[in-house]
Amino acid sequence: MKVLLVEDDAETAAYICAGLGAHGIDVQHVADGTRGRALAAVGQYEALILDRRLPGLDGLSLLQGLRSAGVRTPALYLTAMDGLDDRIEGLEAGGDDYLIKPFFLGELHARLRALVRRSAAEVQTRLRVGDIELDLIARRAMRAGEELPLLPQELKLLEYLMRNAGSTVTRSMLLEHVWDIHFDPQTSVVESHMSRLRAKLSPGGGREYIRTVRGAGYVFVIQSTAR
Amino acid sequence: MSFSRQLDNEGIRLATLLIGLFAFSALLLGAMAYVIAGRAMGAELHDFISADQGAVLSGFRSEGLSEAAEVVQQLTAVPRLSARYLLQGRDGRALAGNLASMPARVGTFEVRTSGGHVVLGEGDLLPDGTYLFVGETTDRLAGARARILRSFALIIGLTMALALGAGALLSAGYLRRIDAIIRTCQEVEAGAFGERVPMRGSQGQLDRLSATINTMLDRISTLMESLRQVSSDIAHDLRTPLTRLRQRLESARQAPLSATAPAEAIQGALQDCDAILAVFSALLRISQIEAGTRRANFTEVQIDVLLRRILEMYLPVAEDGAQQLQLHCPEPEGGVLVAGDRMLLTQMFANLLENAIRHAGRQAQIRIECRLVDAQVQVQIIDTGPGIPLEERDKVFHRLYRLERSRNTPGNGLGLALVAAIVKLHRFQITLSDAEPGLCVTLTMPRLLPQETASLAALPAGV
C-alpha cells in the first residue's frame, strides 16, 4: 500500500513513516501543502494523510481543491484541531476520516486500513466471513444457516467488524461508526457490547470469532487463516 | 473641542443645512408677503380711486362742471394727507384739487409732485372733456414694504442665530457622548475590562449604541473570564498528573532494573499521558461550549429517540454491574422535540447516565423518566445509590470537583461540569434532589412542538 503524508512537523512525519513502514506501508512524505496538492493530483496513492495546518496551502483547501478536480483518493485528516466543528468541517471538505493528535500509531494504521478497504468495497447487500453471514437488508445474522438473536446495536457492531474482517478496529472507530459517539465514555460501553456479541456468536464458547488485540482494539478473525 | 473638529462633525453639518433651509423658506415667505401686501394695497388704492371718480362723475352728471369742482373741493378738504386730486379744464387750467396742472394723460401712472412725493393714480376724461386725476402718494406703500422687508430680515437673522446655537449645543452634546464611548473603549483596550459606557436611560440611538457596546463588552469579559478559568484549571490540574508522570519516570531510572520494570514504567507513563490528554480535551471542550458559539448549530432533536438510543447503548454496561436500567418515555405523534445540538445533548445524557452507573453501585436501580409538563420536557435520571449530600450538590457541577468518596473511582471530575456547560448553552434547567435513597437529576427543557420547527431558524444566535 502506498500513501502520501502531508505533514510539516518532521518528528511526527518520521514517527509515522517508520511506524507505518513497519506494517509494510510505503509512505511518501512532503512538508508543505502546495507540493502535497501537486503530488496527490498525479501520484497513484491508495490514501492521503493530511495535516490541517500546513505551510503553503492548508489541509482543508488542499483537499477541497483535489475533490473539485475529481481526485477521489480516500483522505484522513491527522490534526490537533479538535474543536467541536473542526471534524465536521474536515469531513465536509471531502475528508473520509478525522484523527486527532496526539494519536496512537495503531489507531492510525487501523483507520487507514479501514479507509482503503471501504473505498474498494462495492455495494454489498450480504456479508459473509467464514460461517457467519449478515443480510444487510433484512438485518439478520446467521451462523451456519441458523439465525442469531442479535439486537440492533449488536448487528451494527457485527457489520462494522465484518466489513473490516482481518483488520484491527479500534475502540474509538467502533464508538464513531456503531454508536455515532465522538467522545470517550467513562464506562465500558464497547467491552460490554462486545462480550454479548461474542457470547451470541459462539454460545458454547468454542470458536473465537472476535479477537482482542491488546492495547489496540478488536479484529474479526478470518477463519481460513485462524484455523 | 477644536474648531476644525466642530466643522468636521455631523451635527454642525446638519445644522448648517437646516439654517440654509430655514433662511430660504423665510425668504420665500417674505417675498410672498411683500408681493401680497403690494397687491392688496394696490387693490385698496384702486377701490378708493373708483369711489372718488364715481363721486365726481355723479356730481358732474347731476349739476355740471361746477358741482364736479365742488365735489373735488370737498374731497380735498377731507384731512387725508396721502390723497391727491386734480380737476383740469380743457384749456389745461386746474379747476380744483391739490395737484398742479399736468398733461391730460388717461390711464394708471405715477406723477412726481413739486413737493417731491410720487403719486400713483388714474387719469380720466369727464364727458365734456374735463380731465380728472385721482391718486395717492406712494409713501404708505413704500413704508409698508420697507417694514415687511425689515421684519423678515430680522426673522431670518433670528432663525439663523437660533439654528446655529441649537446645532452647536446639540452637536456638543453628541460629541460629548461619543467622546465618552471612545474613552470607555480605549480604557477597555488598555485593560480596564470593568469599564462601561454611561447610559442616559433614553431610547435614543446613542443609548442603543451604548447598550450594544456594553453588551459586547460583557461578552468579552465572559470570554476573558472563561479563558482565565481554563488557564488556571490547566495550570492546577495538569500539574498533579504531570508531576506523577515525572516521578514515575524518575523512579524507573533510579530503580535497580528488573526485567519487567521498564515495560511497566512505560505502560504507566502512557496511562498518565492519556489521563492528562483526557483532562486537557475535556477542559477545552467545556470552554468551547461556554463560549456559546454553538447556538447557531441548533436543530430539532427528538429526545425520545435519543434516550432510547442511549438506553440501548448502556443497557449491557448496567447489566454487567448487576444494575437495572429502565426508560419510561411518552411517544406523542411527531416525537418529543427540543431545540439543541444533537451531539452535545447525546453527550449530556450519556454523562448523566454514566454518572449514575458509576456511582450508584452494584445492584442499583436506575430509571430514566421523560414527561411532558405543559410546554416543557422533563427528564429525570433517578438512581438508588448513595446520592450527593445537600451541601455538595452545587459544587459537583464545578470543574474538577470530585466528592471525597469518589476520589478512587476513575474519572476526571469534568463530566458534570460538561453537563452544566451544555445545560447553560441550551438554557435548560438542571436540579439535583434526594431520591431517598439516591440521586435524582431533573432536566427541564423547553418543548418544541412539531409546527414550531419552522421557526427554529429564527432562534437568537449567541447566548
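A. Structural view of the overall build of chain B. Looking only at helices and strands, one finds nine helices and twelve strands in chain B. Evaluated residue by residue, chain B yields a buried proportion of 24% over its 463 residues.

B. Quick peek at the overall build of chain A. A count of helical and extended segments in chain A gives nine helices and twelve strands. When each of the 227 residues of chain A is scored for burial, the buried share is 35%. The contacts of chain A with a sequence gap of at least 6 include a subset with a gap of at least 24, amounting to 59%.

C. Spotlight on the pairing of strand E12 (residues 439-446) of chain B. Residues and elements named next belong to chain B. A one-sided burial pattern is seen for E12, the buried positions being Leu-439, Val-441, Leu-443 and Met-445 and the unburied ones Cys-440, Thr-442, Thr-444 and Pro-446. Here strand E10 (residues 376-383) runs beside E12; their pairing, made up of seven bridges, is antiparallel. Its bridge partner lying in E12, Gln-376 is registered against Pro-446. With six bridges connecting them, strand E11 (residues 429-434) and E12 associate as antiparallel partners. Its bridge partner being in E12, Ile-430 is matched across the sheet by Leu-443. Counting the residues that bridge the hairpin from E11 to E12 gives four residues, and of these Glu-436 lies at a positive phi of roughly 45 degrees.

D. Examining the environment of B:Gln88 more closely. All names here are of chain B. Along the polypeptide, Gln-88 turns up in strand E1 (residues 83-88). Measuring from C-alpha to C-alpha, the distance between Gln-88 and Leu-99 comes to 9.8 Å, with eleven residues separating the pair along the chain. Aside from chain neighbours lying at most four places away, what touches Gln-88 is Arg-93, Ala-94, Leu-95, Ser-101, Ala-104, Thr-130 and Tyr-131.

E. Examining the confidence of the model for chain A more closely. When pLDDT is averaged along chain A, the result is 90, and 97% of the positions lie at 70 or above. Of all the helices and strands in chain A, helix H9 (residues 223-226) of chain A carries the lowest mean pLDDT, 53, while strand E3 (residues 47-50) of chain A carries the highest, 95.

F. A look at helix H1 (residues 10-22) of chain A. Its 13 residues place the ends of H1(A) 18 Å apart at the C-alpha level, agreeing with the 18 Å of an ideal helix rising 1.5 Å per residue. Of the residues trailing H1(A), A:Gly24 is marked for its positive phi of about 80 degrees.

G. Representation of the sheet that holds E1(B) within the structure. Residues and elements named next belong to chain B. In space, the five strands of this open sheet follow the order E2-E1-E5-E4-E3, with antiparallel pairing throughout. Each edge of the sheet is formed by a strand with only one pairing partner; in this case those strands are strand E2 (94-97) and strand E3 (107-112). Going across the sheet, the axis of each strand differs from the next one's by a mean of 25 degrees, ignoring polarity.

H. Here's a closer look at the sheet that holds strand E12 (residues 217-220) of chain A. All names here are of chain A. Here three strands make up an open sheet; going across it, the order is E10-E12-E11 and the pairing antiparallel. Each edge of the sheet is formed by a strand with only one pairing partner; in this case those strands are strand E10 (168-170) and strand E11 (210-213). Pairwise comparison of adjacent strand axes, ignoring direction, gives a mean angle of 35 degrees for this sheet. Both E10 and E12 contribute to a ladder of three bridges, which runs antiparallel.

I. Focus on the environment of B:Gly64. The topology assignment puts B:Gly64 in the loop between helix H2 (10-63) and helix H3 (65-77). Put simply, B:Gly64 and B:Asp128 are 64 residues apart on the chain and 9.4 Å apart in space, counted from C-alpha to C-alpha.

J. Quick peek at the interface of chain A and chain B. Taken residue by residue, the interface counts 17 residues in chain A and 20 residues in chain B. Within the side of chain A that touches chain B, the residues separate by chemical class into six nonpolar, eight polar and three charged.

K. Up close: helix H7 (residues 303-320) of chain B. All names here are of chain B. Here H7 contains 18 residues, and its C-alpha end-to-end distance of 26 Å stays within 8% of the 26 Å for a straight helix at 1.5 Å per residue. At Tyr-314, H7 is bent by approximately 40 degrees, the largest bend along its length, and proline Pro-316 sits one to four residues beyond. Where H7 ends, the next residue or the one after it, Ala-322, has phi of about 55 degrees, a positive value.

L. Quick peek at the environment of B:Ala69. All names here are of chain B. Within the fold, Ala-69 resides in helix H3. We classify Ala-69 as partly exposed; it has 19 C-beta atoms within 10 Å. Along the sequence, Ala-69 and Gly-97 sit 28 residues apart, while their C-alpha atoms lie 8.1 Å from each other. When residues no more than four places from it in sequence are discounted, the contact partners of Ala-69 are Leu-87, Leu-95 and Ala-96.

M. Focus on the packing of helix H6 (residues 261-290) of chain B against helix H9 (residues 415-426) of chain B. All names here are of chain B. Two numbers describe how H6 lies on H9: the axes approach to 9 Å, and their chain directions differ by 15 degrees. The angle between H6 and H9 places the two elements in the roughly parallel class. As H6 packs across H9, the resulting crossing turns out to be left-handed. Side by side, H6 and H9 meet where Ala-282, Arg-285, Ile-286, Ile-289 and Glu-290 of the first sit next to Ala-417, Leu-418, Ala-421, Ile-422 and Leu-425 of the second. Of the residues assigned to the contact of H6 with H9, the class counts are eight nonpolar, no polar and two charged.

Rules used throughout
- Residues numbered from 1 in each chain as written.
- Chains lettered and ligands numbered in written order.
- Predicted model: local features only at pLDDT ≥ 70, side-chain atom pairs only at ≥ 80, totals over all residues.
- Helix = DSSP H or I, 4+ residues; strand = E, 2+ residues; numbered from the N terminus.
- Buried ≥ 20, exposed ≤ 12 C-beta atoms within 10 Å, placed from the backbone.
- Contact = placed C-beta atoms within 7 Å.
- Pairing = 2+ DSSP bridges.
- pLDDT = per-residue confidence, 0-100.
- Expected span 1.5 Å × (residues − 1).
- Axes fitted to C-alpha atoms, helices over the stretch in contact; angles between N-to-C directions.
- Nonpolar A, V, L, I, M, F, W, Y, C, P; charged D, E, K, R; others polar.
- Bend = angle between axes of the 7 residues up to and from the residue.
- Parallel < 35°, antiparallel > 145°, perpendicular 65-115°, else oblique.
- Left-handed = near helix turned anticlockwise from the far one by under 90°.

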